[in-house]
Amino acid sequence: SGTQPMLWTIQNLNLQKEAPVDYAGLLSFLQGVEDVVIKELNKNWRSHAFDGYEVNWVDQNETVFCLHSLSCPEAQDQKLQVTSISWNATGSVVACSYGRLDDGDWSTEKSYVCTWNLDRRGLNPKRPDLVVDVPSSVMCLAFHPSQPSLIVGGLYSGEVLIWDTSRIEDPLIWRTGMTDDTHTDPVYQVDWLQDSKHSHHFQILSVSTDGKILVWRTQRDGQLTLVEGFALVAQQIPWSMKLKKRTRGETAVGVTSLSFSCFDPSVFIIGVEGGYSLKCSTAVETAAVPRTGSSVPLKAPAEFAFSPHGGPVYCVSCSPFHRNLFLSGGTDGHVHLHSMLQAQPLISLQLSKKYLFSVRWSPVRPLVFAAATGEGEVQLFDFGKSSQKPAVSVKQASAQTAVYCIEFNFKQPQLLAAGDASGMLKIWQLSSDFIQQGPREMNHLEQLANEVTD
Amino acid sequence: MAEVEETLKRIQAHKGVIGTIVVNAEGIPIRTTLDNSTTVQYAGLLHQLTMKARSTVRDIDPQNDLTFLRIRSKKHEIMVAPDKEYLLIVIQNPCE
């Protein structure tokens, strides 16, 4: 309180007529109240009477509303879909990639990566702050975890590119190019990995339906080179006796999604086209078979297989609040809540009659997750409220327009971004019950996680 | 005059105090540590509220009278020490 300017004189108050002040009377008043006021100030400073006390003035059930509807005119002209979203390190900038997720064919159609700074005054929802031209559909994006302008993208062609959004002239700074190491199928997910030895260095991870998970490092000449990698092969999947499947030889297992454990950086979960999820480790030594033609030998990372969905798994998400819990979602419209300790899911929920394209745990509410459905909805699920139906169902688009991707803003957790097949990127503001952790929420989560029967 | 300023400085210096305002019987601010527009707003609104609070107390029991008013909001606490001639308003952001 010592930083306030002290304006003690009447003249500073712009009064229409000066109020005469009886100083003797004023002093007498102040001397009379000083003690009681100071006593109350001190008591207040030390008091815990109001700790955790909250008042709800507003009915909070469904005040989820759309803050922005963002689109890119070039992408709209080509009728492209939003394929991926990423928030930057500061939480002010949202980026999305455009492409197609419903085409079965290879596509050389050019596409775009666009960014908007939502905290800027001149925000134009129909004109992104930055539009980057890309020669092939971009399937996935990830902003750097601490450098707000670096963003990596994975392409339909199998390439991985890194852009610096602060460079208006030519933002592309690193690329894998098309080498023997490059993925031979679309890249469905990219991530930044902190180098365990040098914490300010980051490597890039890419995941593809060619069955490979590759780790790249940046080189001075703008080239991304392969450091290490993993390959998933059907005969190396560690099925438990209960789930033994007929192996079809050395078939590659198409990986569609990956999520690292928030508690153990060597543990990750992957979702595959075969309809199941796998617990993997970066600390494996087993070589993958067959020996592929890549410059670095690839390893077989799978340690445990979970029981399958009724169709390909498109998304997996590890809980930020419990080391054993993760979610998986897929084309069967079901979400599975899994514990890493057993093959059968703890809970299986049907959220959609069509596909589920993305599931994400809330970064602040341990019992909450969001799911993007093929029926144009973003569903917010709260295990604390119901284990049967969503707490809130947000209609993003028509029932024929799928929502493909959702991302929570970790710096501003009331914001949830969702991209759909009509090319719209919508920023939803969540009601306050989705932002603050409830008093016994962690206990409830522990209980859920302990329902392991194996 | 100096003693008035000293007293107000002592109050303003307490932990968490954001602002201190003295208002006269007509609701006009005569001392403040905040900017003009904020001061005028607080003075007018709290003068009215204090009068209402006082009449509430006296309507319930004519032998009783208002001695102190505290308003707790999400962001801070407003304290009003009332008197026949003046009001002292102190705004504090208490330690959470």
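Residues numbered from 1 in each chain as written. Chains lettered and ligands numbered in written order. Predicted model: local features only at pLDDT ≥ 70, side-chain atom pairs only at ≥ 80, totals over all residues. Heavy atoms only, no water.

### Topic: the overall build of chain A
When you go through chain A residue by residue, the secondary structure sums to three helices and 28 strands. For chain A, the share of sequence-separated contacts (at least 6 apart) that also reach a separation of at least 24 residues comes to 52%. Carbon and sulfur atoms make up 48% of the accessible area of chain A, which amounts to about 21,100 Å² in all. (Helix = DSSP H or I, 4+ residues; strand = E, 2+ residues; numbered from the N terminus. Contact = heavy atoms within 4.5 Å. Areas by Shrake-Rupley, 256 points an atom, 1.4 Å probe, with all protein chains shown as cover.)

### Some thoughts on the pattern of salt bridges
Should their charged atoms come close, side chains of opposite charge can pair. Per the counting criterion, the structure on display carries 18 salt bridges over all chains. The partner of Asp133 of chain A in a salt bridge is Lys110 of chain A, with the nearest N and O atoms 3.9 Å apart. Separated by 23 residues along the polypeptide, Asp133 of chain A in strand 5 (residues 130-134) and Lys110 of chain A in the loop between strand 3 (93-99) and strand 4 (111-117) bring together distant segments of the chain. What makes Lys110 of chain A partly exposed here is its relative accessible area of 39%. Bridged by salt links that share partners, the residues Glu40 and Lys43 of chain A together with Arg70, Arg72 and Glu77 of chain B form one connected network. (Salt bridge = Lys/Arg side-chain N within 4 Å of Asp/Glu carboxyl O. Buried < 20%, exposed > 50% of the residue type's maximum accessible area, 1.4 Å probe, protein only.)

### Some thoughts on the sheet that holds strand 23 (residues 368-373) of chain A
Residue and element names in this part refer to chain A. If you trace the four strands from one edge of the open sheet to the other, you get 22-23-24-25, paired in antiparallel fashion. Each edge of the open sheet carries a strand with a single partner, namely strand 22 (356-361) and strand 25 (392-395). Averaged over all pairs of adjacent strands, the angle between their axes in this sheet comes to 15°, without regard to strand direction. (Pairing = 2+ DSSP bridges. Axes fitted to C-alpha atoms, helices over the stretch in contact; angles between N-to-C directions.)

### Describing the side chain of Ser97 of chain A
Residue and element names in this part refer to chain A. Note on placement: Ser97 falls in strand 3. One polar contact links Ser97 to Thr83, side chain to side chain, over a distance of 2.6 Å. Discounting chain neighbours no more than four positions away, the residues touching Ser97 are Gln81, Val82, Thr83, Ser84, Tyr112, Val113, Val138, Met139, Cys140 and Leu141. (Polar contact = N/O pair within 3.5 Å; in protein donor to acceptor, adjacent residues only side chain to side chain.)

### Describing the sheet that holds strand 10 (residues 187-194) of chain A
Residues and elements named next belong to chain A. Strand order in the open sheet made by the four strands is 10-11-12-13, with antiparallel pairing throughout. Two strands lie at the open edges of the sheet, namely strand 10 and strand 13 (224-231), each paired on one side alone. Direction aside, the axes of adjacent strands within the sheet are offset by 25° on average. Looking at chain direction, strand 12 (residues 212-218) and strand 13 are connected through seven bridges and run antiparallel. Its bridge partner lying in strand 13, Trp216 is registered against Leu226.

### Side note on the confidence of the model for chain B
Close inspection of predicted coordinates is inappropriate in any region flagged by low pLDDT. Residue and element names in this part refer to chain B. On average, chain B scores 92 in pLDDT, and the residues at 70 or more come to 98%. For chain B, helix 1 (residues 2-12) is the element with the lowest average pLDDT, namely 90, and strand 4 (residues 77-82) is the one with the highest, namely 96. Taken together, the chains of this predicted complex give a pTM of 0.71 and an interface ipTM of 0.89. (pLDDT = per-residue confidence, 0-100.)

### Structural notes on the interface of chain A and chain B
Between chain A and chain B, the residue contacts involve 31 residues of the former and 43 residues of the latter. Between chain A and chain B lies a buried interface of about 3,800 Å² when both sides are counted; carbon and sulfur atoms form 67% of it. Taken together, the links from chain A to chain B amount to two salt bridges. Applying the counting rule to chain A against chain B returns nine residue pairs in polar contact (both at pLDDT 80 or more). (Buried area = accessible area lost by both parts, 1.4 Å probe.)

### Quick notes on the packing of aromatic side chains
Residues and elements named next belong to chain A. Taken as a whole and assessed by the stated rule, the structure comprises 13 aromatic pairs over all chains. Ring plane angle 75° and centroid distance 6.2 Å describe the contact between Trp361 and Phe369, whose orientation is recorded as edge-to-face. Each member of the pair, Trp361 as well as Phe369, carries the same accessibility label: buried. Geometrically, the ring pair formed by Phe369 and Phe383 is tilted, given 5.6 Å between the ring centres and 45° between the ring planes. Here the residue Phe369 occupies a position in strand 23, and Phe383 occupies one in the loop between strand 24 (377-382) and strand 25, the gap between them amounting to 14 residues. A relative accessible area of 0% means that Phe369 is categorised as buried. The exposure class assigned to Phe383 is buried, which follows from its relative accessible area of 5%. Taken together, Tyr314, Tyr355, Phe357 and Tyr404 form an aromatic cluster joined through their ring pairs. (Phe/Tyr/Trp six-rings, centres within 6.5 Å; stacked < 30°, edge-to-face > 60°.)

### A look at the confidence of the model for chain A
A residue-level look at chain A finds 89% of positions with pLDDT of 70 or above and a mean pLDDT of 87. Note that residues 1-17 of chain A has pLDDT below 50 and, in this model, 37 contacts with residues that lie over four places away or in other chains.

### Digging into the pairing of strand 2 (residues 29-32) of chain B
All names here are of chain B. With three bridges connecting them, strand 1 (residues 17-24) and strand 2 associate as antiparallel partners. Bridging from a neighbouring strand, Val23 pairs with Pro29 of strand 2. A loop of four residues connects strand 1 with strand 2, the two strands running antiparallel in sequence, and Gly27 in this loop sits at a positive phi of about 85°.

### Section: the side chain of Asp433 of chain A
All names here are of chain A. Residue position: Asp433 is located in the loop between strand 28 (425-429) and helix 3 (441-449). A relative accessible area of 19% places Asp433 in the buried class. Separated by 2.7 Å, the side chains of Asp433 and Ser431 make a polar contact.

### What to know about helix 2 (residues 36-60) of chain B
All names here are of chain B. Taking 1.5 Å as the rise per residue, helix 2 with 25 residues should run 36 Å; its terminal C-alpha atoms sit 36 Å apart, in good agreement. Among all positions in helix 2, only Thr39, Tyr42, Ala43, Leu46, His47, Thr50 and Ala53 are buried. Of the surrounding secondary structure, the elements contacted by the buried residues of helix 2 are strand 1, strand 2, strand 3 (69-72), strand 4 and strand 5 (86-92). (Expected span 1.5 Å × (residues − 1).)

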